[in-house]
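An overview of the molecular structure
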Amino acid sequence: SQTIHQWPATLVQPVGSPLSLECTVEGTSNPNLYWYRQAAGRGLQLLFYSVGIGQISSEVPQNLSASRPQDRQFILSSKKLLLSDSGFYLCAWTIGRGTEAFFGQGTRLTVV
Amino acid sequence: GESVGLHLPTLSVQEGDNSIINCAYSNSASDYFIWYKQESGKGPQFIIDIRSNMDKRQGQRVTVLLNKTVKHLSLQIAATQPGDSAVYLCAGYPSNTGNQFYFGTGTSLTVIP
């Protein structure tokens, strides 16, 4: 069966520090991968998505970047965190367009 | 498009009553929609989906209705239980070609025992 792993679950980082959140999927090949951010009491904002290794589409220009070094690995990064980067970050995968997405358990990032 | 900047609407229902949660979309080319349930501090969990060639789909205690004329989607939960308390999110693909999908603002459902 397919599973998605996302870590860490919580993270507290100072302003200006770097960030690396990792997401891996097991049990499937060539998934579409997604990063979303959710502010408190708000909806999910699509940040990046990828349809293959090295293929990244950015939805919102900001202080973050994404990479897909392997087929089932998706990484969200920042060189210097801002206070506004705080939020709940969610990774998701689909087998293709027009199919349901499966989500990781999320990372709660607090920038202080 | 996304409605991520808006505060969550709220809905309170008595235990045992039926709940109806609504979602509107703007792109008539959208061809696939999904409802998710999100509990506090967790990732969204799939509830039910529907394709644009259908008007209605039923699951266990849940029904999704799609009105393409007015671009409206609803989730009906029968005999709502305290465990149904959560945020409910609708998502859709805005076109019939792209791989990205977007979420509506969501609705926070509270079930009163």
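Before reading further, recall that the structure is shown in the block above.
These numbers come from a predicted model, not from an experiment. (Residues numbered from 1 in each chain as written. Chains lettered and ligands numbered in written order. Predicted model: local features only at pLDDT ≥ 70, side-chain atom pairs only at ≥ 80, totals over all residues. Heavy atoms only, no water.)

Observations regarding the interface of chain B and chain A
Accessible area lost upon the coming together of the parts is a frequently used measure of interface size. On the side of chain A, 26 residues touch chain B, which itself brings 31 residues to the contact. Carbon and sulfur atoms make up 48% of the area that chain B and chain A hide from each other, which totals about 2,300 Å². On inspection of chain B and its partner chain A, the count reaches one salt bridge. As a salt-bridge pair, aspartate 31 of chain B and arginine 97 of chain A come within 3.3 Å of each other at their nearest N and O atoms. Counting every contact that joins chain B to chain A gives 13 residue pairs in polar contact (both at pLDDT 80 or more). If you list the elements that add at least two residues to the side of chain B that touches chain A, you get β3 (32-38), β4 (45-51) and β9 (102-103) of chain B. The biggest single contributor to the side of chain B that touches chain A is β3 of chain B, with four residues. Split by residue class, the side of chain B that touches chain A holds 13 nonpolar, 14 polar and four charged. (Contact = heavy atoms within 4.5 Å. Buried area = accessible area lost by both parts, 1.4 Å probe. Salt bridge = Lys/Arg side-chain N within 4 Å of Asp/Glu carboxyl O. Polar contact = N/O pair within 3.5 Å; in protein donor to acceptor, adjacent residues only side chain to side chain. Helix = DSSP H or I, 4+ residues; strand = E, 2+ residues; numbered from the N terminus. Nonpolar A, V, L, I, M, F, W, Y, C, P; charged D, E, K, R; others polar.)

Considerations on the packing of aromatic side chains
This structure, assessed with the given rule, holds 16 aromatic pairs over all chains. With 5.7 Å between their ring centres and 45° between their planes, tyrosine 36 of chain B and phenylalanine 103 of chain B make a pair best called tilted. Here tyrosine 36 of chain B is found in strand β3, whereas its partner phenylalanine 103 of chain B is found in strand β9, with 67 residues between them in sequence. Here tyrosine 36 of chain B matches phenylalanine 103 of chain B in class, with each residue buried. Among the aromatic side chains, those forming a connected cluster through ring pairs are Tyr34, Tyr36, Tyr49 and Phe103 of chain A together with Tyr32, Tyr36, Phe46, Tyr93, Phe101 and Phe103 of chain B. (Phe/Tyr/Trp six-rings, centres within 6.5 Å; stacked < 30°, edge-to-face > 60°. Buried < 20%, exposed > 50% of the residue type's maximum accessible area, 1.4 Å probe, protein only.)

Quick look at the pattern of salt bridges
Summed over the entire model, instances satisfying the criterion amount to eight salt bridges over all chains. Of the charged contacts, one joins aspartate 71 of chain A and arginine 68 of chain A as a salt bridge, the two residues approaching to 3.2 Å between their closest N and O atoms. Judged by its relative accessible area of 3%, arginine 68 of chain A is buried. A network of salt bridges, in which partner residues are shared, links Lys37, Glu39 and Lys42 of chain B.

Here's the deal with the environment of threonine 63 of chain B
All names here are of chain B. Relative to the elements of secondary structure, threonine 63 occurs in strand β6 (residues 62-67). Sequence-wise, threonine 63 and serine 85 are 22 residues apart; in three dimensions their C-alpha atoms are separated by 17 Å. Residues within four places of threonine 63 in sequence aside, it is in contact with Lys56, Arg57, Gln58, Ser74, Leu75 and Gln76.

With respect to the state of the cysteines
All names here are of chain A. Evaluation of the coordinates by the stated rule reveals two disulfides over all chains. Linked covalently through their sulfurs, cysteine 23 and cysteine 91 form a disulfide whose S-S length is 2.0 Å. Handedness here is read from the sign of the S-S torsion; for cysteine 23 and cysteine 91, about -75°, the answer is left-handed. Of this pair, cysteine 23 sits in strand β3 (residues 19-26) while cysteine 91 sits in strand β9 (residues 87-94), and the two are 68 residues apart along the sequence. Note on accessibility: cysteine 23 and cysteine 91 belong to one class, buried. (Disulfide = S-S within 2.5 Å.)

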